[in-house]
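Here is what each chain is made of, one letter per residue.
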Amino acid sequence: MAIKADEVKHPDQIEDDFDWDAQGQGERPDQATHRTLRLASKAVAKFPELSGKYKAYAGAAAVVSSALTLMAGIAIARKMKRGMSGDSALAALTAADIENAVHVAARDQRYKRLLRKIGLRSANGQKPDSSD
C-alpha cells in the first residue's frame, strides 16, 4: 500500500494525545524490595564501565538497561542474605559479582527444581533411580 506524500506528517505536527500524567497501574514494591532497588541503582552508578556495556537505546537517548539493575539487585540481595547490611553489601560489591549474578541465580533455580522433583517423587511413593 502506497502512502502519498501529502499524508506524511512531520513529528512536530503529530498531536500527542497520550495522558502522561496518569499513574501506572502496578503494585508498589514492599520496603525491602524498594531498599534493594535503591542500592542496585547506586551499584550501577558505582561501576560506569558496566553502564557502558549494558546500554539500551530508546530513540535518540541511551539509557542503562534494566538488566544491569536487575543483576546488581540480585548480587546485593545475595550479599544481604548472607548477613551483610545494605551499605556494607554495596561497599563490598564488585563488578564480577554483578556479572556473575545471573549465572548464580540460574544455578540456584536449577538446584531448587531438582529438590522439588525429588520431593514429588518421594510423595508419590517412587524410589529414586539408583544404579548400583
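Here the residue index of a chain counts from 1 through its sequence in written order. Local features in a predicted model are, by the rule used here, given only for residues with pLDDT of at least 70; side-chain atom pairs are given and counted only at 80 or more, and totals for whole chains, interfaces and linings are based on all residues. To obtain the side-chain values, all non-hydrogen atoms of the structure were used and water was disregarded.

Draft legend 1. Representation of a nonpolar patch on the surface within the structure. Patches draw on residues past 30% relative accessible area with no salt bridge. Two like charges within 9 Å are joined, as are two nonpolar side chains (Val, Leu, Ile, Met, Phe, Trp, Tyr) within 5 Å. The Shrake-Rupley method, run with a 1.4 Å probe, gives the accessible areas here. Residue values count only the displayed protein chains as cover. For salt bridges, the criterion is a side-chain nitrogen of Lys or Arg within 4 Å of an Asp or Glu carboxyl oxygen. Residues Tyr 111, Leu 114, Leu 115 and Ile 118 make up a contiguous nonpolar surface patch of about 400 Å² in total accessible area. Within the secondary structure layout, Leu 114 lies in helix α5 (residues 95–123). Relative accessibility decides the category of a residue: with a 1.4 Å probe and only protein chains considered, values under 20% of the type maximum give buried, values over 50% give exposed, and everything between is partly exposed. Take Leu 114: its relative accessible area is 47%, and that puts it in the partly exposed class. Runs of H or I in DSSP of at least four residues are treated as helices and runs of E of at least two as strands, each being numbered from the N terminus.

Draft legend 2. Region of interest: the packing of helix α3 (residues 66–81) against α5. Packing of α3 against α5 leaves a shortest axis separation of 8 Å and a crossing angle of 80°. Compared by their axis directions, α3 and α5 come out roughly perpendicular. Counted together, Leu 68, Met 71, Ala 72, Ile 74, Ala 75, Arg 78 and Lys 79 of α3 and Asp 97, Ile 98, Ala 101, Val 102, Val 104 and Ala 105 of α5 form the full contact between these two elements. Classes in brief: Ala, Val, Leu, Ile, Met, Phe, Trp, Tyr, Cys and Pro nonpolar; Asp, Glu, Lys and Arg charged; the others, Gly included, polar. Of the residues assigned to the contact of α3 with α5, the class counts are 10 nonpolar, no polar and 3 charged. Axes here mean lines fitted to C-alpha atoms, for a helix over just the part in contact, with angles spanning 0 to 180 degrees between N-to-C directions. Orientation labels follow simple angle bins: below 35 degrees gives roughly parallel, above 145 gives roughly antiparallel, 65 to 115 gives roughly perpendicular, and whatever is left gives oblique. We call two residues in contact whenever any of their non-hydrogen atoms come within 4.5 Å of each other.

Draft legend 3. Here's a closer look at the pattern of salt bridges. Applying the stated criterion across every chain, the model contains 1 salt bridge. Between Asp 97 and Lys 79 there is a salt bridge, and its shortest N-O distance comes to 3.3 Å. Of the two residues, Asp 97 is situated in helix α5 and Lys 79 in helix α3; the sequence distance between them amounts to 18 residues. With relative accessibility at 26%, the residue Asp 97 sits in the partly exposed group. Its relative accessible area of 14% is what places Lys 79 among the buried residues.

Draft legend 4. Just the packing of helix α1 (residues 31–46) against α3, in detail. The geometry of α1 relative to α3 is characterised by a closest axis approach of 8 Å and an angle of 115° between their N-to-C directions. Judged by the sense of rotation from one axis to the other, the crossing of α1 with α3 is right-handed. Across the interface between the two elements, Arg 35, Thr 36, Leu 39, Ala 40, Ala 43 and Val 44 of α1 pack against Leu 68, Thr 69, Ala 72, Gly 73, Ile 76, Ala 77 and Met 80 of α3. Its residues assigned to classes, the contact of α1 with α3 shows 9 nonpolar, 3 polar and 1 charged. By convention the crossing between two helices is left-handed if the near helix lies anticlockwise of the far one by an angle smaller than a right angle, and right-handed if it lies clockwise.

Draft legend 5. Focus on α3. A helix is expected to reach a length of 1.5 Å times the quantity of its residues less one. The first and last C-alpha atoms of α3 sit 22 Å apart over 16 residues, in line with the 22 Å expected at 1.5 Å per residue. Listing the buried residues of α3 in full gives Leu 68, Met 71, Ala 72, Gly 73, Ala 75, Ile 76, Lys 79 and Met 80. A positive backbone phi angle near 105° is found at Gly 83, which sits one or two residues after α3.

Draft legend 6. Here's a closer look at the nonpolar core. For our purposes a nonpolar core is just a set of buried Ala, Val, Leu, Ile, Met, Phe, Trp, Tyr and Cys residues, chained together by side-chain atoms within 4.5 Å. With 18 residues, the main nonpolar core has Ala 43, Leu 50, Leu 68, Ala 72, Ile 76, Leu 93 and Ile 98 as its most contacted residues. Among the elements of the structure, α1, α3, α4 (86–92) and α5 are those that each provide at least two residues to this core. When residues of this core are assigned to their parent elements, the largest contribution, 6 residues, is made by α3.

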